[in-house]
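# Overview (structure and organization)
Residues per chain, in single letters:
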Amino acid sequence: MPILEREPPKGRRESYVLPKVPVPPLKQTLDMYLSCMKHLVKEEQYQKTKAIVVKFGEPGGTGELLQKKLLERSDKTYNWVYDYWLEDMYLNQRLALPVNSNPAMVFPKQNFKDRKDSLRFAAHLITGVLEYKERIDTRVLPVDFARGQLAGTPLCMKQYYRLFNTYRLPGHKRDTLVIHKPGSTEQEYIIVACKNQFFVLDLVVNKKKLKEMDILTQLEKIVKMAENSEERQPPFGLLTSDGRTEWAQAREVLIKDSVNRESLAVIEKCLCVLCLDNPSGMEVGDTSRALLMLHGGGHEKMGANRWYDKPMQFIVGEDGVCGTVCEHSPFEGIVLVACTEYLMKFMTGSPSKMGRATSVSELPTPARLLWKTTPHIQGLLKASAERLQRLVRDLDMDVHKFEVYGKEFIKKQKMSPDAYIQVALQLAFYRCNGRLVSTYESASIRRFHEGRVDNIRSATSEALAFVKAMTDQKASLSDSEKMKRLWDAINAQTNYTITAITGLGIDNHLLGLREIAQELKMEMPEIFTDETYVASNQFILSTSQVPTTVEMFCCYGPVVPNGYGCCYNPQSDHLLFSVTSFHGSTETCSAVFIKALDEGLVEMRDLCRKSNKPQSSAAPAASKVAENNQGAGSKLPSTLPKTGK
């Protein structure tokens, strides 16, 4: 089970009490489930599913029993879905963290003159990290409030308190999210990775916090130590890039030796990891920078200069490639955005404080983490390296800036930019595949205590009607009919968004009912073994809006072998898309999807321009939630998921 603090955080800024996540009415969820799937499966399969669902929901039937038990669980817990969701979304997943689970935030390209210049940047960045962490520890971060629909509602801040004091510990069948006590003196250091070596950089020496110049001095020492080939250790960071079960098994081998056990303990309790990367040798563009954040380019480049279990890893490349890669289980994208935007503004707005430093003689030499290796362990490292390399070769990424227009044009149509983009994604997918598929869009439920996310199912019947109007029926329908269908699709998306952010989505509810059935050790109800339910959780299109106010962008990998990951960042005059897929699938191609997306966005603009003024009756519902689910930023794990989240 994950280790979680159960009491709400205390502090003068958080004296409010958030409501619990509601348990939706059973009939409402079952009806919505059928309407979500009716147009995505064959008629024969749908009729079979409908009969199963009706039987499940009968008075006195299995559904009512599970609903009753779920309501009892809700009465006894702060958040009935949190543990179920965390385990199913992340901790039970067995695939490797890079690409499959860990998202990355790519910073603006830096122009460093030399290695020392990059280390100055790193020292300044870590100074900002320490300042931000102090704001978290002293509970002075301003409370986030909901925007758009139900604006002004305070949001749960717990995810911020897990940025720097958590660690994902690998397990054979299930990982554990370990949470260290906030503000612990044990955490007064960071780990610095350089040339695949790991060093301890103490931030407090003789009870005094290191100044920025001191941090720079220590980083320079670390770089020099890393260049000493005689003391070089094997690239143990590779093990964290492996499948979770493989890594758990390797860790079991490692901890038999006290030296390894101690090095692992030091890494697991650190505040964060700073990765000082060599130049990658790649042509530096948006796509290549994103790839280096997600997987480091494999073991031949920076893939071993990482420790993927640690939630916050800051990457500073000598060639100016910088950003963060995050273990996703403790927090969502909006929290990552808030942290990294603070740091970017700190970097540009707060001058580097390279004042008088502590005497170099007073600063202890940073400790290199040591490892004991054996032929068996060498074999494990080699296997991990090969599996990472396969993952690197397979990832097909395209970071694309759509510059024809941005969210301001969409807002002028009285439409929600998020809903509009989601409909455009459906149009692009249909163009490429001639069908729609179950789609995941993360929706924040932080207006509830310990709220994380639920799913907005964007592949609505209204979206299908619109994309057919723009493709199959293009010649036979008038522009006004196409426009009506666009509004229907926008409103359907908007209404589902409201349902999801207010805790009434179907995915978390169905997950809860299924988990209760498992806890009762009853035969799994047919609704959860049905082919439609399995298909409903194959999220071939996994999407998330992660908007930023500074120049940076988020990216992540697909969640199924034949799927797309699509992270988008709407700006005033352009839309930034990061699209990923796997080369190994014959059904996907990121460049082809981007081309279809471009064409669809232009056609939608032309349709809006040609049509009359937006329907005033439709506009309010669509525009109110323009920013309601922004930055939830959660992505599904890259297995064929068992449940709907």
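Predicted, not measured: the structure shown is a model, and the values here were computed from it. (Residues numbered from 1 in each chain as written. Predicted model: local features only at pLDDT ≥ 70, side-chain atom pairs only at ≥ 80, totals over all residues. Heavy atoms only, no water.)

This brings us to helix 7 (residues 244-254). Across the 11 residues that make up helix 7, a large majority, 8, are buried. Turning to helix 7, its buried residues number three or more, namely Arg244, Thr245, Trp247, Ala248, Ala250, Arg251, Val253 and Leu254. Contacts from the buried residues of helix 7 go to strand 2 (166-169), helix 8 (258-268) and helix 11 (375-394). (Buried < 20%, exposed > 50% of the residue type's maximum accessible area, 1.4 Å probe, protein only. Helix = DSSP H or I, 4+ residues; strand = E, 2+ residues; numbered from the N terminus. Contact = heavy atoms within 4.5 Å.)

On to the sheet that holds strand 15 (residues 541-545). If you trace the 6 strands from one edge of the open sheet to the other, you get 12-18-17-15-13-14, paired in mixed fashion. Looking at which strands have only one partner, the edges of the open sheet turn out to be strand 12 (395-402) and strand 14 (453-456). Mean inter-strand twist for the sheet, computed between neighbouring axes without regard to direction, equals 20°. As paired strands, strand 15 and strand 17 (residues 564-570) are joined by 5 bridges and run parallel to one another. Along strand 17, the bridge assignment pairs Gln545 with Tyr568. Running over the sheet, helix 19 (residues 590-610) touches strand 12, strand 15, strand 17 and strand 18 (575-582) and is turned about 25° from strand 12. (Pairing = 2+ DSSP bridges. Axes fitted to C-alpha atoms, helices over the stretch in contact; angles between N-to-C directions.)

The feature "active site" (unreviewed entry), as given by UniProt, occupies His328 in the numbering adopted here. You can see His328 is positioned in the loop between strand 10 (322-326) and helix 10 (333-349). (UniProt positions renumbered as here; feature names shortened; annotations may be inferred.)

Applying the stated criterion across every chain, the model contains 34 salt bridges. A salt bridge links Lys116 to Glu220; the nearest nitrogen and oxygen atoms lie 3.2 Å apart. Highlighted residues: Lys116 in helix 5 (residues 115-137) and Glu220 in helix 6 (residues 212-226), separated in sequence by 104 residues. Judged by relative accessible area, Lys116 falls into the partly exposed class, the value being 35%. According to the relative accessible area criterion, Glu220 is partly exposed, its value standing at 27%. Two residues, Glu515 and Arg514, come together in a salt bridge whose shortest N-O distance is 2.2 Å. Overall, the relative accessible area of 6% leaves Arg514 in the buried class. Each of Arg94, Arg168, Asp175, Arg244, Asp309 and Glu327 takes part in one network of salt bridges that share partners. (Salt bridge = Lys/Arg side-chain N within 4 Å of Asp/Glu carboxyl O.)

Once that is clear, we can look at the packing of aromatic side chains. Applying the stated criterion across every chain yields a total of 17 aromatic pairs. Aromatic side chains Tyr33 and Tyr533 sit 6.5 Å apart centroid to centroid with 65° between the ring planes, which places their arrangement in the edge-to-face category. Separated by 500 residues along the polypeptide, Tyr33 in helix 1 (residues 26-37) and Tyr533 in helix 18 (residues 531-536) bring together distant segments of the chain. Residue Tyr33 is classed as buried on the basis of its relative accessible area of 1%. When the centroid spacing of 6.0 Å and the interplanar angle of 15° are considered together, the rings of Trp307 and Trp371 count as stacked. Here Trp307, found in the loop between helix 9 (286-295) and strand 9 (312-317), pairs with Trp371, found in the loop between strand 11 (367-368) and helix 11; they are 64 residues apart in sequence, far enough to count as distant. Through pairs of rings, three or more aromatic residues link up here, namely Phe198, Phe236, Trp247, Trp307 and Trp371. Its end group placed over the ring of Tyr84, Arg73 keeps NZ or CZ at 3.9 Å from the ring centre. Between Arg139 and the ring centre of Tyr161, over which it is positioned, the NZ or CZ distance is 3.7 Å. (Phe/Tyr/Trp six-rings, centres within 6.5 Å; stacked < 30°, edge-to-face > 60°. Lys NZ or Arg CZ within 6 Å of the ring centre and 35° of its normal.)

This part takes up the nonpolar core. Within the largest apolar cluster, 92 residues are counted, with the highest numbers of intra-cluster contacts made by Met415, Tyr420, Phe466, Leu486, Phe577, Phe593 and Leu601. Per element, the largest residue contribution to this core is 10 residues, and it comes from helix 13 (residues 417-433). In this structure, this core is formed jointly by two domains, domain 1 (26-77 + 403-611) and domain 2 (91-354 + 363-395), each of which donates at least three residues. Grouped together as the second largest cluster of nonpolar side chains are 60 residues, Val129, Met157, Val205 and Leu336 included. (Core = buried A, V, L, I, M, F, W, Y, C linked by side-chain atoms within 4.5 Å. Domains from an automatic or database assignment.)

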